[in-house]
Amino acid sequence: MCSSDLDRNPPTLMNLRGQRWYGWDGAADSLWSQSLRPILDARELAATPRHVAKLVRDDEQLSCRYQRVYGAPPSPSDDEAVFVNVGKVLAAFQETLVSGSTPFDQFRNAVARGESPSALSYSTPAQRGLQIFIGKGGCTSCHSGPNFTSGEFFKTSFSRSEPPSRPDPGREEGTHQLRDSRFNLLGPYNDDRTGASAAHTVRVAGGQGSHGAFKVPSLRNLILTAPYGHRGDVETIAEVVRLHANDGQGAGAPGLTPREQTDLVVFLESLSTMSNPWRSGDPERCY
């Protein structure tokens, strides 16, 4: 759910599994913790743990499903534990939202099989754009890995052009919120009793986030996720490429020509798929 009172662009829900930080500012260190934030936020659902727990207890189907997942009915007295468990099943659902194969994936797989790039149905501009992406453009310094993101934080021209009337501290404030949250991985609700999953949180909790830095977004399904940037004030991929020419690194740092910028856009467009990740069907009832 998204409120018009919010001043950040909602990130995609695709390919969230295995990330280290959530939200533009990284104020959540797990997907289940991130799932609780909009429920509590006064600008969004404005609910409380008590409200959510009561809803689960009072609804026959929800209560039954809760017991099937957790092996016991929702606690009659511990609202917060029920609330956190709701966040964990929301996270489990979101982890199923995985994007399908893209033209780039098909090209990469064919090359890995030893097929000649010139014989493949992947356009020449897209192939030139790929070379710029991994070479002259320097894009992989931030957009690396299978999801085309380092998962960390960077201060780009998006944040440097922050309007004075709406300053957004980004990672700096996110670090404070993460440190103060009862629902971080250092708290009592982390299922990993070894503490290994909280190692990154320990390091962040002892430091200071960078002011104006924001999480590097995934480039997968870029065509489907406009507008762009943490404020959502950039409408096209071409405009994103032009803006990054002002970063001092990445696309444009060595001076990309107009054709090179166009080729880069064509490559970025090839990272999207139109296949539907949702599966239809009748909901299973709980008896």
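Attention in this report is confined to the structure presented alongside it. (Residues numbered from 1 in each chain as written. Predicted model: local features only at pLDDT ≥ 70, side-chain atom pairs only at ≥ 80, totals over all residues. Heavy atoms only, no water.)

Right, let's get into the overall build of the chain. A count of helices and strands for the chain gives 11 helices and two strands. Ordered by position from N to C terminus, the α and β elements of the chain give α-α-α-α-α-α-β-α-α-α-β-α-α. Buried residues in the chain amount to 42% of all 287 residues. Sequence separation of 24 or more characterises 70% of the internal contacts of the chain that already satisfy a separation of 6 or more. (Helix = DSSP H or I, 4+ residues; strand = E, 2+ residues; numbered from the N terminus. Buried < 20%, exposed > 50% of the residue type's maximum accessible area, 1.4 Å probe, protein only. Contact = heavy atoms within 4.5 Å.)

Counting residues in each nonpolar core, the largest one holds 25 residues, and the members touching the most others are F133, L264, F267 and L268. For this core, the secondary-structure elements that each account for two or more residues are α5 (103-112), α6 (124-134), α10 (237-244) and α11 (258-269). Filtering out sequence-adjacent residues up to four positions away, L268 remains in contact with F133, L219, L222, I237 and V241. Formed by 22 residues, the second largest nonpolar core is a distinct cluster that contains Y22, A81, V84 and A91. (Core = buried A, V, L, I, M, F, W, Y, C linked by side-chain atoms within 4.5 Å.)

This part covers the environment of Q19. Its location among the elements puts Q19 in the segment before α1 (31-40). The sequence separation of Q19 and D29 amounts to 10 residues, and the corresponding C-alpha distance is 8.6 Å.

This paragraph deals with the packing of aromatic side chains. Under the defined criterion, the tally for this structure stands at eight aromatic pairs. For the pair Y66 and Y70, a centre-to-centre distance of 4.9 Å together with 45° between the ring planes defines the contact as tilted. Of this pair, Y66 and Y70 both sit in helix α3 (residues 60-70), four residues apart, which is roughly one turn of the helix. Ring plane angle 50° and centroid distance 5.0 Å describe the contact between F133 and F267, whose orientation is recorded as tilted. (Phe/Tyr/Trp six-rings, centres within 6.5 Å; stacked < 30°, edge-to-face > 60°.)

Inspection of the secondary structure assignment puts S272 in the segment after α11. According to the relative accessible area criterion, S272 is buried, its value standing at 8%. At a separation of 2.9 Å, a polar atom in the side chain of S272 contacts the main-chain amide nitrogen of L222. A polar atom in the side chain of S272 sits 3.0 Å from the backbone nitrogen of I223. (Polar contact = N/O pair within 3.5 Å; in protein donor to acceptor, adjacent residues only side chain to side chain.)

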